[in-house]
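What the coordinates show
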2 protein chains.
Amino acid sequence: MAITVTLCTETNSRGVCAVEPVNLDTFKVNLGRQIRRLRKESGMSQEALADHCGVFRTYLSRIERGSANPSISIIALLALALGVDVIELFRSDA
Amino acid sequence: MAITVTLCTETNSRGVCAVEPVNLDTFKVNLGRQIRRLRKESGMSQEALADHCGVFRTYLSRIERGSANPSISIIALLALALGVDVIELFRSDA
DNA sequence: ATGTGACTATTAGTCCGTT
DNA sequence: TAACGGACTAATAGTCACA
């Protein structure tokens, strides 16, 4: 993945400064990109894949565009439906 | 990861039979195990790592034992704090 | 130094549309 | 076929006291 790291300037409710990726969005966008690529490779529509996973088409749409923050169980379901290892979804195409 | 796959027998709210890992729990337990291993390798306590990530110690405790289902943003934060690639967290130790 | 239950706030995830 | 929105419900994120 090679996520670029910066120490954030914001503190949480406990006054603790958390390590935070500047590009968490990039991270999510990349994840979505991988999912979309694998889906297309297997010739499925969003609806077909969504049905296979038991998630909603509209939600899958958001995941693929990186505008959702899915839990790991959803990620596991997607990997299963795509027939790939979870790790594949987190690879960067760079 | 090599998750064992079975087609589930349960249907979701739409009456669609979703592909589901029987051992989603195993998946989560393994993830937690990796996190714990990497944390110990870097000599941090749960509290230290939790503070680094900006999450709660009690929540990290649950993640490490596989009794939480964290979102990918939490996973990204943990990987960053541990100084490893996200992919490392999803490796199986088998 | 960690596990656990209980609890609230916030977000994930569903479901209906329209473009 | 997919993006996008609004409104809703289920689940997770996050807090705390105590073992």
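None of the values given here were measured: they were computed from a predicted structure.

Structural notes on the overall build of chain A
- Regarding its fold elements, chain A presents 5 helices and 2 strands.
- Helices and strands appear in chain A in the N-to-C order β-β-α-α-α-α-α.
- Within chain A, buried positions represent 50% of all 94 residues.
- Restricting the contact set of chain A to residue pairs at least 6 apart, pairs at least 24 apart contribute 52%.

Examining the protein's contact with DNA strand C
- Near DNA strand C, the surroundings consist of 22 residues, among which F56(A), Y59(A), Q46(B), S61(B) and R65(B) are the closest.
- What you see for DNA strand C is that sugar and phosphate hold 63% of its atoms within 4 Å of the protein.
- G54(A) places a polar main-chain atom, nitrogen or oxygen, 3.5 Å from a phosphate oxygen of DNA strand C.
- Taken together, the residues of the surface near DNA strand C sort by class into 5 nonpolar, 9 polar and 8 charged.

A look at the environment of N69(A)
- Counting through the fold element by element, N69(A) comes out in the loop between α3 (57-64) and α4 (72-82).
- For the pair N69(A) and K28(A), spaced 41 residues apart in sequence, the C-alpha to C-alpha distance is 7.4 Å.
- A distance of 3.2 Å separates a polar atom in the side chain of N69(A) from a polar atom in the side chain of S71(B).

What to know about the pattern of salt bridges
All names here are of chain A.
- Taken as a whole and assessed by the stated rule, the structure comprises 8 salt bridges over all chains.
- Between E88 and R91 there is a salt bridge; the shortest N-O distance is 3.2 Å.
- Note on E88: relative accessible area 29%, which makes it partly exposed.
- Each of R36, R39 and E64 takes part in one network of salt bridges that share partners.

Considering the side chain of R39(A)
All names here are of chain A.
- Residue position: R39 is located in helix α1 (residues 24-41).
- Given a relative accessible area of 6%, R39 falls into the buried group.
- Polar contacts involving the side chain of R39 include one to the side chain of E64, which spans 2.6 Å.

Topic: the confidence of the model for chain A
Residue and element names in this part refer to chain A.
- With 74% of its residues at a pLDDT of at least 70, chain A reaches an overall mean of 80.
- Averaged pLDDT values for the elements of chain A fall to 36 in strand β1 (residues 5-11) and rise to 95 in α3.
- Below pLDDT 50 for its whole length, residues 1-22 participates in 47 contacts with residues either more than four positions away or in separate chains.

Side note on the packing of aromatic side chains
- Counted by the stated rule, this structure contains 3 aromatic pairs over all chains.
- Measuring from centroid to centroid gives 4.9 Å for F90(A) and F90(B), while their planes differ by 15 degrees, and the two rings are stacked. Placement of F90(A) in the segment after α5 (86-89) and of F90(B) in the segment after α5 (86-89) is noted, with the two residues assigned to different chains. Each member of the pair F90(A) and F90(B) is classed as buried.
- Here F27(B) and F90(B) contribute two aromatic rings whose centre-to-centre distance is 6.0 Å and whose plane-to-plane angle is 15 degrees, an arrangement assigned as stacked. With F27(B) in helix α1 (residues 24-41) and F90(B) in the segment after α5, this residue pair connects regions lying 63 residues apart in the sequence. Across the pair, exposure class does not vary: F27(B) and F90(B) are buried alike.

Describing the UniProt feature "domain: HTH cro/C1-type" (unreviewed entry) in chain A
- Taking the UniProt record as the reference, the feature "domain: HTH cro/C1-type" (unreviewed entry) is found at residues 35-89 of chain A.
- Across residues 35-89 of chain A, helical content stands at 69% and strand content at 0%; the span's end C-alpha atoms are separated by 6 Å.

Conventions adopted
- Residues numbered from 1 in each chain as written.
- Chains lettered and ligands numbered in written order.
- Predicted model: local features only at pLDDT ≥ 70, side-chain atom pairs only at ≥ 80, totals over all residues.
- Heavy atoms only, no water.
- Helix = DSSP H or I, 4+ residues; strand = E, 2+ residues; numbered from the N terminus.
- Buried < 20%, exposed > 50% of the residue type's maximum accessible area, 1.4 Å probe, protein only.
- Contact = heavy atoms within 4.5 Å.
- Near = heavy atom within 4 Å.
- Polar contact = N/O pair within 3.5 Å; in protein donor to acceptor, adjacent residues only side chain to side chain.
- Nonpolar A, V, L, I, M, F, W, Y, C, P; charged D, E, K, R; others polar.
- Salt bridge = Lys/Arg side-chain N within 4 Å of Asp/Glu carboxyl O.
- pLDDT = per-residue confidence, 0-100.
- Phe/Tyr/Trp six-rings, centres within 6.5 Å; stacked < 30°, edge-to-face > 60°.
- UniProt positions renumbered as here; feature names shortened; annotations may be inferred.

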